[in-house]
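Analysis of the macromolecular model
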Amino acid sequence: MKFPLPAMRRGASFAVALALLIVPVPAQRPAPKPAAPAANTTSPPQTPAAEQSPSATFDTLLSADAYGIYAEVRAVGRNAASQEIVQLLAPLSLEKGSAPDDWLKLYEFAKSHADELMSARLMIAAMPARAGLPEMLLAVEMPSVEEARKFVPELRRVVTANVAPPSKPAPDATTTAVNATPDDASNTTRRRGRRRGGRATAGSSAGENTTDAARAKQTPPPQVQIKRAGSLIALSDTNFTFKELRGADRPLLVNEPGFQAARTRFSTDTLFVYFNTLHMTNSSKQRREAYEKEHERQMELARIEAEKQGEEVNSNLPYGANMHPPSDANANFSVTPGGNMNSSNANVAVSPEDETPPPPPEESPEPTPSPKSEKELEEERRLEQSRRFAQTVGSLVFGGGAGSSEGWPESIGVGASLDGDALVVRGLFVSQSAEQPMRPIPFLPVLLSGPAVPTEATRVLPADTDISVSVSLDLPQMYDYLASLMKIADLTVTSEEGQPAFGEQLAAFEKTNNFRIREELLATLGNEIAVGVPGNLFLGRGIARTNGDGSAPPPQSGPIVVVALNDREGLQKLLPRVLASVGFAGATEQGIVEKHGEVEVLTFSNGTLAFIDRFLVGAPDAAAMRRITNAYNSGETLGNSESFRASTRWQSKQSIGQLYVSNALLKGLLGEVTRYAADIDDPAMRAYLVSLDPEPGALTHLVTRESDGLMHELRLPKNLLSLFTASTLVGQKLAAMHLNEGMAQISLQMIHTSQETFKKAEGRYGTLEEIEPSKSLKDESSHYSMTRAEGYEIKISVSGDTFTATATPTGYPKQGRRSFYIDQTGSLRGADTGGKPATASAPVIQEP
């Protein structure tokens, strides 16, 4: 298989990305112009030409404005051969196609040369911010000049063997397969001389060069440039010089403050990546301008060609689009010198002498629309104004305006390394100045970070919360920011005469509802805001859990919102007016409807609120609130659960943001991949699945405020990565069986829907033949059917006001392992019954 590397396939885990510990080859580009041939010598030079210029290092290679993305991998050989990396990447070789062959070959190359690359560093630069630089540059820094010289031929060998040449040879291709530095060219000449008896003459070298040139014209060279300067080896897909990369009188990248701060912070990490958002924006701008120029050039060529053919040019056509004359094939066309084209159903020719062209064909007049009433016109104006206002506000809130970089830090540094049983990824959002507000999510500039606070909302969320997100926000500052955006929107959106500005609308709102938002409402609220999300929102069903007494807890109905309070009593007095102002009916002046232990609960038509400790808690309904209050009163909260405490033990006590994703949810998303081991024929893959721990572990993330910016730290359990890879392998191996099971489930759900429709019309449930759509109404192109599913037998049983439908695999276990069951309740059940029909006792896998 040849490079360039194919796109990452679905399901390839982050472990695959660690294959970049070796040297990937960038995409091909047109063949470069040949370099001048090296001068022939009869004896080795005393000082190699490559060493006459100053040696380059990572610190002196690039100017600060060269690239937008810089990545550095430390100790390439040691990490490629480490047992942890080997264990993570080993499964990828179990199933062909689970990872690109090129990546695996390169990883094996790095592993087999671990000794030479033991302390070597790999650098990758992308998104050039200056014109004339390669799209991607790779460099390897060896421990010494001698080791770099020895490594170049081996690197050239693997590149030559794996880089696909262009389909057509370049007309002037006279270079060798991979460009070499002058001292490498001299070494090549000496080797040829030794093969001819230990003597290299000028004539023989010239003959060899001529032969090489002829061979190059027949076999085009791979498009990879390899150059060495001292202990540094650089690769690119286009010709380059170290002088161009460094630039003339330009500051170095290592002297950029943001780069210094990030690189120092992640100096011990295996992988370091640096993003300069300003340079990335410039790179995107250059690409866009180049695209526009190319588009204009293509359109000009198309226009010239169209004039020759007597056609019109559509400026909206993509590159290379064929342009066709009008559909009337019987018309003749004649183009005047001015380029005007005329056509009709008759044979018409227009010459320069024709002063009066034939009249155009008569067209039937279009009907005149009825005039709109003043009320309709007013409604249209109102809707258009609302649309423009919403569009402007959305652009400002979510991005600071079109083309704005507000919210994004000047630069971002990322470090990654394996630490114990987790892959740790840290990101430093470097702040531009001490006065600049901190934004935990760059693409949401409206969110402004508050002070570091203890994460206490988990003391209120139930223990079985699957996703917990907590963040400290500066609500008054956010209010001021939003108010400024609204003022900008007032200037941007043309208001109708008499339409009040935002400030006037806000003042009227506060006067009508008798409270002030910033001075009264926000003053009662604290900084911490948290959201708890149940897993069934992602899985479509609840995660199997039991209470301490063995009973099943009630299903979670929706997200839970928790807001810290500064003034609980003040908010209790203010809350009825606030709720009434936003249309929440049923709130009383007293505010308290009932008490659950120490919890005060307020229930109204649109939801439920409760005052728990120093928090205001919102739930979608009364049942969800009872579940929350019962968990709090019994001490079964997320903050008290052992699984949460164990997975977040590494975190500091105070932060400005925290994310927790439970082991139960991740296990449900990945599926119990280990249970599929019996279905796998491959002994190696089956043994790998059996060896895995089925528990992935919890995913955790923390945001803290540092002196030089915001620090994001994400911890991914290594077992989660292994299970993710295993899930991909199983999905590929058992794709046909899983497809059959999925189709059987869809068939049963269609049966339930049809039965409900049939009963409303007929007053009873029907047989399979009765509820199946007639052939005249059935969509023959549909991939789904109630009566058949590949590898499954579907049966229906009707008895009075009940019915049951089953889907049983006919080729157990190859065509399907699980049997499925559904009845009038709509709950879809399924289990591995050994090929027998499922019953009502099977576990629920999909709620109605």
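Residues numbered from 1 in each chain as written. Predicted model: local features only at pLDDT ≥ 70, side-chain atom pairs only at ≥ 80, totals over all residues. Heavy atoms only, no water.

**Topic: the overall build of the protein**
A count of helical and extended segments in the protein gives 24 helices and 27 strands. Residue burial in the protein is summarised as follows: out of 848 residues, 43% are buried. Of the contacts formed within the protein by residues at least 6 apart in sequence, a portion of 69% connects residues at least 24 apart. Approximately 44,400 Å² of the protein is accessible, and the part contributed by carbon and sulfur atoms is 54%. (Helix = DSSP H or I, 4+ residues; strand = E, 2+ residues; numbered from the N terminus. Buried < 20%, exposed > 50% of the residue type's maximum accessible area, 1.4 Å probe, protein only. Contact = heavy atoms within 4.5 Å. Areas by Shrake-Rupley, 256 points an atom, 1.4 Å probe, with all protein chains shown as cover.)

**Re the sheet that holds strand β26 (residues 828-831)**
Pairing is antiparallel in the open sheet, where 5 strands are placed in the order β23-β24-β25-β26-β27. Whereas interior strands pair on both sides, the edge strands pair on one side only; in this sheet they are β23 (792-799) and β27 (844-846). Neighbouring strand axes in the sheet, compared pairwise and without regard to direction, differ in orientation by 25 degrees on average. Judged from the 8 bridges that link them, β23 and strand β24 (residues 802-809) form a sheet pairing that is antiparallel. Residue Val798 lies in a different strand from β24, and its bridge partner there is Phe803. (Pairing = 2+ DSSP bridges. Axes fitted to C-alpha atoms, helices over the stretch in contact; angles between N-to-C directions.)

**Focus on the nonpolar core**
In summary, soluble globular proteins display a tendency toward joint burial of nonpolar side chains. Judged by nonpolar contacts, the single largest core of 29 residues is most densely connected at Leu61, Leu62, Tyr70, Met123, Leu137 and Leu245. Beyond its immediate chain neighbours, meaning those up to four positions away, Leu61 contacts Ala56, Met123, Leu137, Ala139, Leu232, Phe242, Leu245 and Arg246. (Core = buried A, V, L, I, M, F, W, Y, C linked by side-chain atoms within 4.5 Å.)

**A few points about the pairing of strand β9 (residues 411-419)**
Relative to β9, strand β6 (residues 271-276) runs antiparallel, the two being bridged by 6 bridges. Counted as the bridge partner of Tyr274 is Gly413 from β9. Relative to strand β10 (residues 422-430), β9 is paired through 9 bridges, and the arrangement is antiparallel. Across the sheet, Ser417 pairs through a bridge with Val424, a residue of β10. Taking the residues between adjacent antiparallel strands as the criterion, β9 and β10 are bridged by 2 residues, where Gly420 takes a positive phi near 65 degrees.

**Comments concerning the confidence of the model for the protein**
Averaged over every residue, the pLDDT of the protein is 75; the share at 70 or more is 68%. Taken as a whole, residues 588-592 scores under 50 in pLDDT and shows 7 contacts with residues more than four places along the chain or in a different chain. Confidence over residues 774-783 falls short of pLDDT 50; this stretch has 5 contacts with residues more than four positions distant or in other chains. (pLDDT = per-residue confidence, 0-100.)

**Brief notes about the pairing of strand β25 (residues 819-823)**
Of all the 5 residues making up β25, 5 are buried; the element is thus mostly covered by neighbouring parts of the structure. Burial along β25 is two-sided: the residues Ser819, Tyr821 and Asp823 and Phe820 and Ile822 are all buried. Counting the residues in the hairpin turn of β25 and β26 gives 4 residues, including Gly826, whose phi is positive at 90 degrees.

**With respect to the packing of aromatic side chains**
The final tally for this structure, using the stated rule, is 11 aromatic pairs. Between Phe259 and Tyr274 the ring centres are 5.2 Å apart and the planes differ by 85 degrees, which places this aromatic pair in the edge-to-face class. Of this pair, Phe259 sits in helix α10 (residues 257-265) while Tyr274 sits in strand β6, and the two are 15 residues apart along the sequence. The ring centre of Trp650 lies 4.6 Å from the NZ or CZ of Arg715, which sits over that ring. (Phe/Tyr/Trp six-rings, centres within 6.5 Å; stacked < 30°, edge-to-face > 60°. Lys NZ or Arg CZ within 6 Å of the ring centre and 35° of its normal.)

**Observations regarding the packing of helix α15 (residues 517-524) against helix α17 (residues 568-581)**
Two elements in contact, α15 and α17, have axes separated by 9 Å at closest approach and are oriented at 120 degrees. The pairing of α15 with α17 is recorded here as oblique in orientation. Where α15 crosses over α17, the two elements pack in a sense that is left-handed. Between α15 and α17, the residues in contact are Glu520, Leu521 and Thr524 and Gly570, Leu571, Leu574 and Val578, respectively. Grouping the constituent residues of the contact of α15 with α17 by class yields 4 nonpolar, 2 polar and 1 charged. (Parallel < 35°, antiparallel > 145°, perpendicular 65-115°, else oblique. Left-handed = near helix turned anticlockwise from the far one by under 90°. Nonpolar A, V, L, I, M, F, W, Y, C, P; charged D, E, K, R; others polar.)

**Quick notes on the pattern of salt bridges**
Counted under the stated rule, the structure contains 34 salt bridges. Between Glu72 and Arg74 there is a salt bridge whose closest N-O contact spans 3.1 Å. Taking relative accessible area as the criterion, Arg74 reaches 13% and is therefore assigned buried. A salt bridge links Arg149 to Glu146; the shortest N-O distance between them is 2.8 Å. Residue Arg149 and its partner Glu146 are both found in helix α6 (residues 145-162); the two are separated by 3 residues, about one turn of the helix. Through salt bridges that share partners, Asp59, Glu72, Arg74, Arg121, Glu141 and Arg263 make up one connected network. (Salt bridge = Lys/Arg side-chain N within 4 Å of Asp/Glu carboxyl O.)

**Some details on helix α22 (residues 718-733)**
With 16 residues, α22 should cover 22 Å at 1.5 Å per step; its first-to-last C-alpha distance of 23 Å lies within 8% of that length. Residues Lys718, Asn719, Leu720, Leu721, Ser722, Leu723, Thr725, Ala726, Thr728, Leu729 and Val730 constitute the buried set of α22. (Expected span 1.5 Å × (residues − 1).)

**Side note on unusual backbone geometry**
Each neighbour pair has its own omega, and for Tyr812 with Pro813 the value is -5 degrees, a cis peptide bond. Relative to the helices and strands, Pro813 resides in the loop between β24 and β25. For Met127, which is not a glycine, the phi torsion comes out positive at approximately 60 degrees. As for its placement among the helices and strands, Met127 is situated in strand β2 (residues 121-128). For Asn514, which is not glycine, the phi dihedral falls at a positive 65 degrees. Tracing the backbone through its elements, the reader meets Asn514 in the loop between α14 (502-513) and α15.

**Digging into the environment of Gln260**
Its location among the elements puts Gln260 in helix α10. Placed 153 residues apart in sequence, Gln260 and Gly413 show a C-alpha to C-alpha distance of 9.8 Å. When near neighbours in sequence (up to four residues on either side) are disregarded, Gln260 contacts Val254 and Asn255.

**With respect to the environment of Lys718**
Within the secondary structure, Lys718 is located in helix α22. Residues in contact with Lys718, not counting those within four places in the same chain, are Glu84, Leu88, Leu418, Gly420, Asp421, Ala422 and Leu423.

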